[in-house]
Amino acid sequence: MNLEEYFKRIGFHGSFDKPDLATLKLIHKHHVMSVPFENLSIHCGERNIMDLEVIYNKIVRSSRGGWCLENNFLFGWVLREMGYDTTRLASRVFNSGLNDFYPIATHLINKAIIDGKAYITDVSFGVSSQPWEPLELVSGKDQPQAAGVFRLIDKGDFWVLEKTSRKPEVLNPDFAKSSLVNRKETKQIYCFTLIPREVDHFFEPSHILQTDPNSLFINKSICSLQTPTGFRALFGWTYSEVTYKPEEGVDVLDMRDITDDEIEQILREKFNIKLQKKLQPVNNKASYTL
């Protein structure tokens with residue numbers, strides 16, 4: 001594995017000799033703009049594997065995306081190779097159906113220390129909950145980004161990431177009441193502790209996410225990619241293009257259903273993904289919104 005090949009994959013052409021905050025912000029943004037957050041392998045009859053070489057070949061050499069256990073595992077390797085002081089952390093995602101955080105830590109994130117300050121890097125949550133840049137680990141500080149205002153809150157035993165959003169403006173009246181549309185102004189995204197985690201901590205969560213009938217990743221085939229103006233997403237047969245309009249206080253959601261015959265073209269043209277096996281789209285109701 002080599003860094004230059006990874007940088008070519010994400011379209012990063014700058015200097016990477018100095019592990020500073022400016023460089024971290026650049027590679028973080030390049031990653032989310034180039035590598036989709038997706039779980040399509042599961043719906044092609046394949047398994048996602050917590051093996052760095054397998055993940056590297058999938059994302060870097062085969063131009064695929066991945067879910068957090070792949071993207072953030074890979075990104076942590078990148079940070080270490082670049083000389084950053086980084087730690088792997090585990091987080092529990094908020095489930096609106098339970099109105100609580102998921103009971104086990106299924107989401108992998110990374111912490112980086114730069115000039116004595118701590119930052120959370122997460123290049124793989126997707127849709128409007130995706131930060132484009134690292135978040136400084138300071139409790140209660142408003143951190144405005146393109147998607148809205150992110151906030152990390154120290155609860156004592158754990159930290160919580162929350163985000164304040166703009167109002168959704170849904171163009172297609174057929175989707176005005178869609179469960180995919182987030183209508184909460186402020187929502188909790190996940191919680192985490194600062195306990196360092198080895199890779200094997202995520203082996204069982206990875207298995208559960210791919211086998212539990214209640215898992216989001218079993219109930220929805222997901223592909224999302226950040227764009228300079230917002231993001232694109234494909235949930236099952238529902239394709240969406242979201243445009244952030246902070247000056248108007250809204251996010252514009254252009255949503256439509258596509259046919260099976262269109263899926264391959266949409267994946268290729270909008271996400272630069274070409275699957276080797278046939279995708280079986282799924283879009284059951286689950287706790288996940290644009």
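Look up a bit, the structure's there.
Heads up: these notes are all about the structure in this document. Computed from a predicted structure; not experimentally measured.

## So, the layout of surface pockets
Roughly 900 Å³ of volume is contained in the largest pocket. Phe94, Asn95, Ser96, Ser287 and Tyr288 are, among the 37 residues lining the largest pocket, the residues nearest its centre. Mapped onto the lining of the largest pocket, the elements with two or more residues apiece are β2 (85-95), β11 (186-192) and α6 (216-219). Tallied by class, residues from the lining of the largest pocket come to 16 nonpolar, 16 polar and 5 charged. Taken as a whole, the second largest pocket spans an internal volume of roughly 290 Å³. Lining the second largest pocket are 15 residues, with Ser41, Glu46, Val54, Lys58 and Arg64 sitting closest to its centre. The element best represented in the lining of the second largest pocket is helix α3 (residues 52-61), accounting for 3 residues. For the lining of the second largest pocket, a count of residues per class yields 3 nonpolar, 5 polar and 7 charged.

## Focus: the packing of aromatic side chains
This model, assessed by the stated rule, comprises 14 aromatic pairs. Seen from their ring centres, Phe94 and Phe101 are 5.3 Å apart, and the 80 degrees between their planes marks the pair as edge-to-face. Its relative accessible area of 9% is what places Phe101 among the buried residues. Counting every residue linked through ring pairs, the aromatic cluster contains Tyr6, Phe7, Phe12 and Phe16.

## Concerning the packing of α3 against helix α4 (residues 68-82)
When two helices pack together, their arrangement is given by the angle between the helix axes and by the axis-to-axis distance. Running from N to C, α3 and α4 point in directions that differ by 100 degrees, and their axes come no closer than 10 Å. Of the possible angle classes, the one that applies to α3 and α4 is roughly perpendicular. Of α4, the residues touching α3 (which contributes Leu52, Ile55, Tyr56, Lys58, Ile59 and Val60) are Leu69, Glu70, Asn71, Phe73, Leu74 and Trp77. Here the contact of α3 with α4 is built from residues that sort into 9 nonpolar, 1 polar and 2 charged.

## Remarks on the side chain of Gln210
Residue placement: Gln210 occurs in helix α5 (residues 203-211). A distance of 3.1 Å separates polar atoms of two side chains, one belonging to Gln210 and the other to Ser206. Dropping the residues within four chain positions of it, Gln210 is found in contact with Ile42, Arg47, Asn48, Trp67 and Ile218.

The rules we used
- Residues numbered from 1 in each chain as written.
- Predicted model: local features only at pLDDT ≥ 70, side-chain atom pairs only at ≥ 80, totals over all residues.
- Heavy atoms only, no water.
- 1 Å grid on protein atoms, 1.4 Å probe; cavity = no way out; pocket = protein on both sides within 12 Å on 5 of 7 lines; lining within 4 Å.
- Points joined across faces, edges and corners; volume = space filled by probe spheres on them.
- Helix = DSSP H or I, 4+ residues; strand = E, 2+ residues; numbered from the N terminus.
- Nonpolar A, V, L, I, M, F, W, Y, C, P; charged D, E, K, R; others polar.
- Phe/Tyr/Trp six-rings, centres within 6.5 Å; stacked < 30°, edge-to-face > 60°.
- Buried < 20%, exposed > 50% of the residue type's maximum accessible area, 1.4 Å probe, protein only.
- Axes fitted to C-alpha atoms, helices over the stretch in contact; angles between N-to-C directions.
- Parallel < 35°, antiparallel > 145°, perpendicular 65-115°, else oblique.
- Contact = heavy atoms within 4.5 Å.
- Polar contact = N/O pair within 3.5 Å; in protein donor to acceptor, adjacent residues only side chain to side chain.

All quantities given are derived from atomic positions and should not be read as evidence of function.
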